[in-house]
Amino acid sequence: SSAINALTSTVNTSFSVTATDGVDAVSQTLAVNLVGVNDTVTLTAPTAITFTDTAALDSFTAVSGTLVASLDRDAGQTTVFGIASGIVTGTGASAVSTLSNAYGTLVVNTTSGAYTFTPISSAINALTSTVSASFTVTASDGITPVNQTLAISLVGVNDTVTLTAPTALTFT
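Described below are features of the structure shown in this document. (Residues numbered from 1 in each chain as written. Predicted model: local features only at pLDDT ≥ 70, side-chain atom pairs only at ≥ 80, totals over all residues. Heavy atoms only, no water.)

### What to know about unusual backbone geometry
- Despite not being glycine, Ser85 has its phi angle at roughly 70°, a positive value.
- Structurally, the position occupied by Ser85 is in the loop between strand S5 (80-83) and strand S6 (87-89).
- Residue classification places Ser85 among the exposed residues on the basis of a relative accessible area of 67%. (Helix = DSSP H or I, 4+ residues; strand = E, 2+ residues; numbered from the N terminus. Buried < 20%, exposed > 50% of the residue type's maximum accessible area, 1.4 Å probe, protein only.)

Structure follows, in structure tokens:
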């Protein structure tokens with residue numbers, strides 16, 4: 001069945017079938033049509049990322065993960081990962097798709113699906129309320145692309161103002 005699952009188009013084959021009664025033999029051709037279709041890749045929705053701002057000046061670290069796609073059973077096809085509207089640089093196993101927004105940059109390895117979102121700490125610290133951002137990540141077998149959303153929740157707070165007491169002034 002794996003050979004049939006690997007088909008992406010129809011294949012015809014035939015067999016010669018012979019029946020005998022011990023005296024006479026009769027042969028006929030048995031035609032077999034195997035209808036192959038492209039098996040669409042499926043992409044699991046990645047886990048949402050959350051960054052929580054506090055009243056202090058926060059530093060946010062990069063978050064990494066790996067996109068998970070179904071194994072493509074079609075012969076000669078491999079799964080390629082990316083980001084919708086992302087810019088692809090590099091080749092082979094080192095090729096990456098990159099896209100930035102106001103809160104950070106997402107980089108996806110097109111071969112392995114490994115990704116890293118690097119936040120812009122100053123942009124998150126500047127938020128006074130919760131904001132949502134997202135990227136559309138992709139997987140394709142070269143024929144049919146599929147998408148999922150990588151959601152990013154940025155929990156902003158109104159940072160308290162700090163006032164340092166001024167040095168006393170002396171007038172004479």
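That shown, we press on.
### Observations concerning the nonpolar core
- In terms of nonpolar packing, the biggest core is built from 24 residues, with Phe51, Leu106 and Ile152 touching the most fellow members.
- Filtering out sequence-adjacent residues up to four positions away, Phe51 remains in contact with Phe60, Thr61, Val63, Phe117, Pro119, Ile124, Ile152, Ser153, Leu154 and Val155. (Core = buried A, V, L, I, M, F, W, Y, C linked by side-chain atoms within 4.5 Å. Contact = heavy atoms within 4.5 Å.)

### Points about the packing of aromatic side chains
- According to the stated counting rule, one finds three aromatic pairs in the structure shown.
- Ring centres of Phe51 and Phe60 lie 5.8 Å apart, and the angle between their planes is 80°; on these two criteria the pair is classed as edge-to-face.
- Judged by relative accessible area, Phe51 falls into the buried class, the value being 5%.
- Owing to a relative accessible area of 11%, Phe60 belongs among the buried residues under this scheme. (Phe/Tyr/Trp six-rings, centres within 6.5 Å; stacked < 30°, edge-to-face > 60°.)

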